[in-house]
Amino acid sequence: MFSRVTYIRFFSICVIVCFIISCFISVLPISLESCNCDNFESKSSFLHTLDAVSSQEDASGRKRLAVLVPFRDRFEELLQFAPYMTEFLNRQKILHRIFILNQVDRYRFNRASLINVGYLYTRSLFDYIAMHDVDLLPINSNLSYGFPEKGPFHVASPQLHPKYHYPTFVGGILLLRREHFEATRGMSNRYWGWGLEDDEFYTRILDAGLQVHRPENITTGVDDTFKHIHDRAHRKRDMAKCFNQREVTRKRDRETGLHTLKYDIQSIHELQIDGAKVTVLNILLQCDHTKTPWCDCDGGPEAAPGKGVKKS
């Protein structure tokens, strides 16, 4: 009789314990859908990129380059750019990753803000950046993309660029160390539409106590150092000036930069184009219409109150 009572008690305890465990498990997040994981997609993609780049690192301690490419509706150019630049950089044994900074919001194109986003996304992983236009390809193999030891290195020198030749030009392709970009406080966020953001950035470089360096002993010239694949007839530049844009953007911007940037990364995609790996960041920039109403020259419900749209 004693053993039978003991068995019944043991069995009852087991049933109760199993019931409690079942109830406990039922309230746990047992799948990704029920787990409260902030920005899981972004974090997962970032870790994937980290693994991809770290796997290239060798005992020589080579520096890692993030190629930041501001982008919108330039698919034909991208198809040429990604495999060409991957091969070009591989020949120089540059550890790199190409980041396509794709602006997907409704505002006018903002090259500088996109570069700021790309830098913030990559700064914990890469040693230096290349601010790189998607339509400019280096032809001369002596153009170095190596780590800019002395300071900002302007690959697309005005003596070599096919179109822009003024001495303060730093557009097209510019290499900067991480700490040097931080010293400039990043690029101005005021430049919606085409032009002038790189000229303003040149003054930031000087204000940070840095000197721009350029390629030396290059035997090619403006006609055969780069391939410029921009089709001006098919890809017209957004050169409109509205509201007080012309007045404000001609002045030095001492207010905006990395610390004032407002944006969201909508999604992240890892792609291969003819074997060339690229990371695409779909970026939603935010615009303060009270400060830069020219982010939308067509006006709209969020346009600055009391100001008509004037294009010049």
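Below is a short write-up of the structure.

Parameters and conventions
Residues numbered from 1 in each chain as written. Predicted model: local features only at pLDDT ≥ 70, side-chain atom pairs only at ≥ 80, totals over all residues. Heavy atoms only, no water. Helix = DSSP H or I, 4+ residues; strand = E, 2+ residues; numbered from the N terminus. Contact = heavy atoms within 4.5 Å. Salt bridge = Lys/Arg side-chain N within 4 Å of Asp/Glu carboxyl O. Buried < 20%, exposed > 50% of the residue type's maximum accessible area, 1.4 Å probe, protein only. Pairing = 2+ DSSP bridges. 1 Å grid on protein atoms, 1.4 Å probe; cavity = no way out; pocket = protein on both sides within 12 Å on 5 of 7 lines; lining within 4 Å. Points joined across faces, edges and corners; volume = space filled by probe spheres on them. Nonpolar A, V, L, I, M, F, W, Y, C, P; charged D, E, K, R; others polar.

**As for the environment of Pro158**
Tracing the sequence through the fold places Pro158 in the loop between strand S5 (153-154) and strand S6 (173-177). Spatially, the C-alpha atom of Pro158 lies 8.4 Å from that of Val222, the residues being 64 residues apart in sequence. Those residues within four positions of Pro158 in sequence are excluded, and the remaining contacts are Tyr164, His165, Tyr166, Pro167, Phe169 and Arg214.

**Considerations on the pattern of salt bridges**
Pairs can form between side chains of opposite charge once their charged atoms are near each other. By the definition in use, this model includes 19 salt bridges. Of the charged contacts, one joins Glu197 and Arg111 as a salt bridge, the two residues approaching to 3.0 Å between their closest N and O atoms. One end of the pair, Glu197, is in helix H6 (residues 197-207); the other, Arg111, is in helix H4 (residues 111-122), with 86 residues separating them in the sequence. Arg111 matches Glu197 in its accessibility class, with the two residues each being buried. The salt bridge involving Arg204 is made with Asp253; its shortest N-O contact spans 3.4 Å. Here Arg204, found in helix H6, pairs with Asp253, found in the loop between helix H7 (245-248) and strand S8 (263-273); they are 49 residues apart in sequence, far enough to count as distant.

**Regarding the sheet that holds S8**
Across the sheet, 7 strands lie side by side as S5-S6-S3-S1-S2-S9-S8; this open sheet has mixed pairing. Unpaired on one side and paired on the other, S5 and S8 mark the two borders of the sheet. Relative to strand S9 (residues 276-285), strand S2 (residues 95-103) runs parallel, the two sharing 6 bridges. Within S9, the residue paired with Asn102 across the bridge is Asn282.

**Considering empty space enclosed by the protein**
Inspection of every chain in the model, using the stated rule, returns 1 cavity of 30 Å³ or more. In this structure, the largest cavity spans a volume of roughly 30 Å³. Its residues assigned to classes, the lining of the largest cavity comprises 4 nonpolar, 3 polar and 1 charged.

**Remarks on unusual backbone geometry**
In this model, Asp73 sits at a positive phi of 55 degrees, which is unusual for a non-glycine residue. In this fold, Asp73 is placed in the loop between strand S1 (64-71) and helix H3 (75-91). The exposed category is assigned to Asp73, whose relative accessible area is 57%. Even without being glycine, Leu196 reaches a positive phi, approximately 80 degrees. A relative accessible area of 22% means that Leu196 is categorised as partly exposed.

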